[in-house]
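Chain by chain, the residues run as shown.
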Amino acid sequence: MGSTRRLTVAQAVVEFLRAQHIERDGERGRFITGVFGIFGHGNVAGLGEALEAEAATHPDDALRYLQARNEQGMVHAAAAYSKQLRRMRTYACTTSIGPGATNMVTGAAMATVNRLPVLLLPGDLFATRRVTPVLQQLERPESQDVSVNDVFKPVSRYWDRINRPEQLLTALPAAFRVLTSPAETGAVTLALPQDVQAEAFDFPTHLFEERTWVVPRQRPDATLLARAADAISSAQRPMIVAGGGVLYSAAEDALASLATRFGLPVTETQAGKGALPWDHAQNLGAVGATGGSAGNAVAQDADVVIAIGTRLSDFTTASWTAWQDPGVRFIAINVAELDAAKAHAIPVVADARAALEELTAALAARGWTGVSPERRAHQERLRTAWNEEVDRVLHLATPQHVSQPEAIRLTMEAAGPDGILVCAAGSLPGDLHKLWRSPRPGGYHVEYGYSTMGYEVAGGMGVALAEPDRHVTVMVGDGAWLMLSTELATAVQEAIPLTIVLLDNHGFRCIRNLSGSCGGEGTFQDFRFRDPATGQLTGDVLPIDFAANAASLGAHVVTAHSPADLARALKEMKGVGRPVVIVVEVDPSVGVPGYDSWWDVPVAEVSDKPAVREAYAEYVAGRARIRQAH
Ligand SMILES: Cc1ncc(C[n+]2csc(CCOP(=O)(O)OP(=O)(O)O)c2C)c(N)n1
Ligand SMILES: [Mg+2]
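Note that the structure is predicted; figures quoted are calculated from it, not measured. (Residues numbered from 1 in each chain as written. Chains lettered and ligands numbered in written order. Predicted model: local features only at pLDDT ≥ 70, side-chain atom pairs only at ≥ 80, totals over all residues. Heavy atoms only, no water.)

Before going further, it helps to spend a moment on the overall build of the protein. A tally of regular secondary structure across the protein gives 24 helices and 24 strands. The C-alpha atoms of the protein give a radius of gyration of 25 Å, which matches the 25 Å a tight globule of 630 residues would have. With the principal axes as the frame, the protein shows a C-alpha extent of 75 × 70 × 55 Å. Contacts spanning at least 24 positions in sequence make up 76% of the contacts within the protein whose residues lie at least 6 apart. Summing over all exposed atoms, the protein offers an accessible surface of approximately 24400 Å²; the carbon and sulfur share of this is 52%. Here the protein holds 56 positive side-chain charges and 70 negative ones, and the gap between their average locations is 4 Å. (Helix = DSSP H or I, 4+ residues; strand = E, 2+ residues; numbered from the N terminus. Rg over C-alpha atoms; globule rule 2.2 N^0.38 Å. Contact = heavy atoms within 4.5 Å. Areas by Shrake-Rupley, 256 points an atom, 1.4 Å probe, with all protein chains shown as cover. Lys, Arg positive; Asp, Glu negative; His and termini not counted. Charge placed at Lys NZ, Arg CZ, Asp CG, Glu CD.)

See below:
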């Protein structure tokens, strides 16, 4: 018999988390920084007890417990932390059973869609079924082997329920294999029944030995890499789409040298933005539905597309209208086979950095000199024109309060070269994708895989935890703020110096615009009173006092009525040392234009309304441009 330690299941989980390390390129560190949690009967006596003991036993390097306000918010914070640290560290999240658990489902989906590691530890029903139904139990007449935690299955990359203590021996390593796998990572759910959490077992001590999960730099297959190099070296109008995988792989330098050496234009997805500095000679900016004029112009006639670390979502592909050359071919470099096989691409399943290094060597070995001088000059003209256009839009002013592009410019100027911008949903991400200028990697953090309203404040806190030396600014719409901003109280509690710029345009503005382009009236989108005369939401604007709302949670609050107010507030608030919320009323009449782009949002095929019929006709014409590349 080997040596054992008698621990509760919860204590064993905490011991195991402490012992897990991760390593890449010779850099090694603990993988789980701490645990976010909200307690209830489903976890307080289990994980709650174990975490209290952890804090007492390891005062200097305990897994830090952070108190959350909303379980969804804490998953956002954990995932944002991980995204910012290129998936090399994360937090675990513990909840009670029932609503505490299911509140995490949206966060889980967000993490999985964005391929971000988070470890979710929801409490679960008594495994013994001694007491049933327990408070908050979902009873199903056809089976007792189901709980609300089963809803985590489709949104988790690994899901398990620990019904007996010894199951930890296989479940925990399996969970960490997935969490630390670049190709498979996402939300990992270990449901922990309330009784089992508190149950003791003689665990073998080897379970708690320090482990190091080495993140591999998978090399590409020689045949497929050669095919990719052949395709690129015979292309006339090749281009690169840089996705989040470039950053997760720390492949920015490899990307810059490939692009520079061969004159390849680089375009950016939301997650890939910042991989090259905004003013890098090869950076043509955003591509796709929220792309700019340069990125979308090179895409239009590209004959070979090198897609690196991207899911090729509809925003990136402009719903597959971005590429119009009938012979266009894709090369997809990705750690995940799922993504590498999209768009009928040459699938280069590999770590981005390893693949880009080998691709550079293979192209050089073929004697390829890169993109023709004429095409390079064309690319440079597009880049210059785009940067001029961005300057123009950033200065679009208004006599009414502040325009959104202006607010973006002032926030960017105040953020400076080391600042980090955090955003997720609403009209802001599209505008930011076009306009924000990130001088260094990691300065632009927008969650646009799941585009989750409510990610902004919680995510901003996670980013600030990840990078305490860089100032974090969150830009958030009034709608997203109202949906979920209470993690602000946690940021206050932890004295995290966040700046939150809350843009009040009295409604779900981007959906109002979308409704308009589909022939709708958009009246469901304004934050207005119901007007007794019309019976509709067409009354006065709701008098929501966002400043009072933020101040009530303990933030330092400033209201900015003009661009000068906003500039001053942004500057002064950087040194406050605790969360600051700047409330700005924006004039929604000043928008950021689109640049030869399209997004497939189906319009009602039949309607009595002429506006809808007109929108439908336009929609059908737009849809005709879809080139199904998959
Ligand atoms: C959780 C969630 N619910 C609904 C949506 C759909 N949605 C996308 S943007 C948006 C409106 C956002 O309003 P606001 O934050 O005020 O930004 P604005 O468009 O006004 O700039 C909605 C409802 C979403 N992305 N996330
Ligand atoms: Mg709004």
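Next comes the rest of the description.
Per the stated rule, a full pass over the model turns up 34 salt bridges. For Arg177, the salt bridge is made with Glu184, and the minimal N-O distance between the two is 3.1 Å. Residues joined by salt bridges that share partners form a network here, namely Asp25, Arg217, Asp351, Arg353 and Glu357. (Salt bridge = Lys/Arg side-chain N within 4 Å of Asp/Glu carboxyl O.)

A word on helix H10 (residues 252-262). Those residues of H10 not exposed but buried are Glu252, Ala254, Leu255, Ala256, Leu258, Ala259 and Phe262. On the buried face of H10, the contacting elements are strand S12 (238-242), helix H9 (244-248), strand S13 (266-268), strand S15 (304-308), helix H14 (352-365) and helix H15 (373-394). Remark: Gly263 follows H10 within two positions and exhibits a positive phi of approximately 65 degrees. (Buried < 20%, exposed > 50% of the residue type's maximum accessible area, 1.4 Å probe, protein only.)

What the rule picks out here adds up to zero disulfides. No disulfide involves Cys423; its sulfur sits 10 Å from the nearest other cysteine sulfur, which is in Cys510. (Disulfide = S-S within 2.5 Å.)

Around ligand 1 lies a shell of 15 residues, among which Ser427, Asp478, Gly479, Gly507 and Cys510 are the nearest. Note that a nitrogen atom of ligand 1 is positioned 2.8 Å from one of the backbone N or O atoms of Ser451. For ligand 1, an oxygen atom lies 2.8 Å from a polar atom in the backbone of Cys510. A total of 590 Å² of accessible area belongs to ligand 1 in isolation, and the protein chains cover 76% of it. For the shell around ligand 1, the elements supplying multiple residues, two or more each, are helix H19 (478-483) and helix H21 (509-517). (Near = heavy atom within 4 Å. Polar contact = N/O pair within 3.5 Å; in protein donor to acceptor, adjacent residues only side chain to side chain.)

This next bit is on the nonpolar core. Ranked by size, the top nonpolar core spans 55 residues in total, and within it Met239, Trp323, Leu432, Met475, Leu566 and Ile582 carry the most contacts. Residues in contact with Met239, not counting those within four places in the same chain, are Pro265, Thr267, Val287, Gly295, Val298, Ala299, Ala302, Val304, Val305, Ile306 and Trp323. Core analysis: the second largest hydrophobic core is formed by 54 residues, Ala79, Met461, Ala480 and Ile496 among them. (Core = buried A, V, L, I, M, F, W, Y, C linked by side-chain atoms within 4.5 Å.)

Spatially, three strands are ordered S3-S2-S11 in an open sheet, and the strand pairing comes out mixed. Strands with a single pairing partner mark the edges of an open sheet, and in this sheet they are strand S3 (27-30) and strand S11 (211-214). Direction aside, the axes of adjacent strands within the sheet are offset by 25 degrees on average. Pairing between strand S2 (residues 20-24) and S3: four bridges, direction antiparallel. Each bridged residue has a counterpart across the sheet, and for Arg24 the counterpart in S3 is Glu27. Sheet strands touched by helix H1 (residues 9-19): S2, S3 and S11. Its angle to S2, the strand with the most contacts, is close to 25 degrees. (Pairing = 2+ DSSP bridges. Axes fitted to C-alpha atoms, helices over the stretch in contact; angles between N-to-C directions.)

The subject of this paragraph is a nonpolar patch on the surface. On the surface, Phe39, Val44 and Tyr65 cluster together into a nonpolar patch covering about 230 Å² of accessible area. The residue Tyr65 is located in strand S5 (residues 64-67) in this model. (Patch = residues over 30% accessible without salt bridge, like charges linked within 9 Å, V, L, I, M, F, W, Y side chains within 5 Å.)

The strand order S14-S13-S12-S15-S16-S17 describes an open sheet built from six strands, whose pairing is parallel. Pairing within the sheet leaves two strands with one partner each, and these edge strands are strand S14 (283-286) and strand S17 (346-349). Neighbouring strand axes in the sheet, compared pairwise and without regard to direction, differ in orientation by 20 degrees on average. Sheet topology places S13 next to S14; three bridges connect them, and they run parallel. By the bridge assignment, Thr267 is partnered in S14 with Gly285. Packing against the sheet, helix H8 (residues 222-233) makes contact with S15, strand S16 (329-334) and S17, and its axis sits at approximately 130 degrees to S17.

Moving on: the packing of helix H3 (residues 71-84) against helix H18 (residues 455-466). Running from N to C, H3 and H18 point in directions that differ by 45 degrees, and their axes come no closer than 7 Å. By the criterion of interaxial angle, the relationship of H3 to H18 is oblique. For H3 against H18, the interelement crossing comes out right-handed. Side by side, H3 and H18 meet where Gly73, His76, Ala77, Ala80, Tyr81, Lys83 and Gln84 of the first sit next to Tyr455, Ala458, Gly459, Met461, Gly462, Val463, Leu465 and Ala466 of the second. The residue makeup of the contact of H3 with H18, split by class, is nine nonpolar, five polar and one charged. (Parallel < 35°, antiparallel > 145°, perpendicular 65-115°, else oblique. Left-handed = near helix turned anticlockwise from the far one by under 90°. Nonpolar A, V, L, I, M, F, W, Y, C, P; charged D, E, K, R; others polar.)

The omega torsion across Thr132 and Pro133 is -5 degrees, close enough to zero to call that bond cis. The residue Pro133 is located in the loop between strand S7 (118-124) and strand S8 (158-161) in this model. Positive phi is not limited to glycine here, since Gln136 has a value of about 80 degrees. Turning to its location among the elements, Gln136 is positioned in the loop between S7 and S8. For Ala250, which is not glycine, the phi dihedral falls at a positive 55 degrees. Along the polypeptide, Ala250 turns up in the loop between H9 and H10. For Ala250, a relative accessible area of 24% translates into the label partly exposed.

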